[in-house]
Amino acid sequence: MEQMSRRNLLKKTLWGSASLVGLSAMTPLYVHASMEFKGPKVPDVDAVKVSDHCYYIPALGSSPSPENYGMFSNPGFVVTPKGVVVIDTGSSVQIGEMILRQIKKVTDKPVVMVINTHYHGDHWLGNHAFVAANQDVKLYSHEAVQKVLKTDGGKFWFDFMQRNTDNKITGTVVTIPNQTLKGGEVFGMGGVTLKVHHFGRMHTESDVAVEVVEDKTIYMGDMVMRRIANMEDGSYKGTIAGLDSVLSLPVNQYIPGHGKHEGKQLILDGKEFMETIYKNTAKYYDEGLSDFEMKPKIMVEPFMKNVASQWSGYQSTLGKFIVVAIKEYEQSMF
Ligand SMILES: [Zn+2]
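Since the model is a prediction, treat every value here as computed from it, not as a measurement.

Peer 1: Explain the sheet that holds strand β1 (residues 48–49) residue by residue, including any values.
Peer 2: Within the open sheet, the 7 strands sit side by side as β1-β2-β3-β4-β5-β6-β7. Their pairing is mixed. Since the sheet does not close on itself, it has two edges, and those belong to β1 and β7 (179–181), each with one partner. Along the sheet, helix α6 (residues 143–165) contacts β6 (138–142) and β7; its crossing angle with β6, the most-contacted strand, is approximately 95 degrees.

Peer 1: Can you break down the packing of helix α9 (residues 291–299) against helix α11 (residues 314–332) residue by residue, with the values?
Peer 2: Where α9 contacts α11, the axes come no closer than 10 Å and their chain directions differ by 120 degrees. One finds that α9 runs oblique with respect to α11. The interaxial crossing formed by α9 with α11 has right-handed handedness. Every residue of α11 that contacts α9 at Asp-291, Met-294, Lys-295, Ile-298 and Met-299 is listed here: Tyr-314, Gln-315, Leu-318, Gly-319, Ile-322, Val-323 and Ile-326. Of the residues that constitute the contact of α9 with α11, the class distribution is 8 nonpolar, 2 polar and 2 charged.

Peer 1: Talk me through the sheet that holds strand β12 (residues 253–256); I want residue IDs and the actual numbers.
Peer 2: Pairing in this open sheet of 5 strands is mixed, and the strands run β8-β9-β10-β11-β12 from one edge to the other. Of all the strands in the sheet, just β8 (186–188) and β12 have a single pairing partner and so form its edges. Shown here is a sheet whose adjacent strand axes are inclined to one another by a mean of 20 degrees, direction ignored. Sheet topology places strand β11 (residues 217–221) next to β12; 4 bridges connect them, and they run parallel. Considered in β12, the bridge of Gly-221 is made with Pro-256.

Peer 1: Give me the coordination of the zinc ion: which residues, what numbers.
Peer 2: At the metal site, the zinc ion is ligated by His-118 (NE2), His-120 (ND1), His-203 (NE2) and Asp-222 (OD), and these contacts range over 2.2 to 2.3 Å. If you look at the zinc ion, its 4 donor atoms make angles of 84 to 177 degrees with each other, and the shape they trace is irregular. In primary sequence terms, the donor set of the zinc ion follows H-x1-H-x82-H-x18-D. In this pair, His-203 sits in the loop between β9 (193–197) and β10 (209–212) while Asp-222 sits in the loop between β11 and α7 (236–247), placing the two residues 19 residues apart along the sequence. There is no split in this pair, since His-203 and Asp-222 are both buried.

Peer 1: Break down the pattern of salt bridges for me, citing the residues and quoting the values.
Peer 2: Counted by the stated rule, this structure contains 11 salt bridges. Close ionic contact of Arg-226 with Glu-262 constitutes a salt bridge, the shortest N to O distance being 2.6 Å. Remark: Glu-262 occurs in the loop between β12 and α8 (265–286) and Arg-226 occurs in the loop between β11 and α7; sequence separation between them is 36 residues. For Arg-226, a relative accessible area of 26% gives the class partly exposed. We note a salt bridge from Asp-244 to Lys-271, for which the minimum N-O separation is 2.9 Å. Taken together, the residues span a long stretch of sequence, with Asp-244 in helix α7 and Lys-271 in helix α8 at a distance of 27 residues. Judged by its relative accessible area of 37%, Asp-244 is partly exposed. Taken together, the shared-partner salt bridges in this structure form one network comprising Asp-44, Asp-46, Arg-101 and Lys-105.

Peer 1: Quick rundown of the packing of aromatic side chains? Include the residues and the values.
Peer 2: Counted by the stated rule, this structure contains 11 aromatic pairs. Between Tyr-140 and Phe-187 the ring centres are 5.2 Å apart and the planes differ by 70 degrees, which places this aromatic pair in the edge-to-face class. With Tyr-140 in strand β6 and Phe-187 in strand β8, this pair connects stretches of sequence that are 47 residues apart. For Phe-187, a relative accessible area of 16% corresponds to the buried category. Centre to centre, the rings of Tyr-285 and Tyr-329 are 5.5 Å apart; their planes meet at 80 degrees, and the pair counts as edge-to-face. Remark: Tyr-329 occurs in helix α11 and Tyr-285 occurs in helix α8; sequence separation between them is 44 residues. According to the relative accessible area criterion, Tyr-285 is partly exposed, its value standing at 25%. Relative accessible area serves as the criterion here: at 15%, Tyr-329 is assigned to the buried category.

Peer 1: Now, about unusual backbone geometry: what can you tell me, with residues and values included?
Peer 2: The backbone of Tyr-69 sits at a positive phi, close to 60 degrees, despite the residue not being glycine. Considering the arrangement of structural elements, one finds Tyr-69 in the loop between β2 (54–56) and β3 (76–80). The residue Asp-166 is not glycine, and still its phi comes out positive at about 60 degrees. The topology assignment puts Asp-166 in the loop between α6 and β7. The exposure class assigned to Asp-166 is exposed, which follows from its relative accessible area of 56%.

Cut-offs and rules
Residues numbered from 1 in each chain as written. Predicted model: local features only at pLDDT ≥ 70, side-chain atom pairs only at ≥ 80, totals over all residues. Heavy atoms only, no water. Pairing = 2+ DSSP bridges. Helix = DSSP H or I, 4+ residues; strand = E, 2+ residues; numbered from the N terminus. Contact = heavy atoms within 4.5 Å. Axes fitted to C-alpha atoms, helices over the stretch in contact; angles between N-to-C directions. Parallel < 35°, antiparallel > 145°, perpendicular 65-115°, else oblique. Left-handed = near helix turned anticlockwise from the far one by under 90°. Nonpolar A, V, L, I, M, F, W, Y, C, P; charged D, E, K, R; others polar. Donors = N, O, S within 2.8 Å, 3.2 Å for Na, K, Ca; no water. Tetrahedral: all angles 85-135°; square planar, octahedral: opposite > 155°, others 65-115°. Buried < 20%, exposed > 50% of the residue type's maximum accessible area, 1.4 Å probe, protein only. Salt bridge = Lys/Arg side-chain N within 4 Å of Asp/Glu carboxyl O. Phe/Tyr/Trp six-rings, centres within 6.5 Å; stacked < 30°, edge-to-face > 60°.

Here it is as structure tokens:
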């Protein structure tokens, strides 16, 4: 019964109306939920300063667990004269609150804008905290994020994160962005310029990257990472082409959604990884090999042996990546 009523409450807040933002103004039901059922506070993780205005908060692990509170991606923030812009909000309201505490250590300015780089739950479930802190905050994403989260995605990712953290995100209300990005937007923030890029389907069809022009720094979301995790919504050809576009931008610091920030080598390696899998999959597919026959052959490629084999998820998830590559290659023939 208890479980049921919470579920209904969540559904209500999820599907109630477009007034998700208004909900943080605290209807009686909402107060009831947040006071009686709230997962534990996430311990503070100091922000890393990358450039004059750009920071990120490093993940506590490479996949979600009860021990890391589901904090397995890097929320970022940009401090500008016109307020703080947050890029990705983590997997829960508790992570969102932790991000707000770290921002306070750096500036008194409010968070005026949030950008979600794509619809995977570790990049937006924390939105709730920012709306609770400032009702005027604007939540931005590519329109595909909003579409996915309004259909099955919102509930899917909430449940996914609850299951993987032993219900530590309890109290999080699915808060869907309502400002749409297409790529090409430029936000002048009092001398700090943010440029939004969308390169088509890379990690998902909804990916945006945020370039902070004066800092020559770019937030990449999950378009690139030294980690082998989730390719189900992605495209090899799209990622390879998109990373080429990234390489042509006048930036020299790249902040991925997972793992440490780096220089250009992050993008070069990310691209070589995608190319090595896709080209070899195509070659062996044409020779009639199945995915499990391809895998050992791809694993002896120099790039895989020397570089990718160090990445988290290599042993467990490379096979899945090959299956996705086969699917994309087959589709490309029609
Ligand atoms: Zn992702």
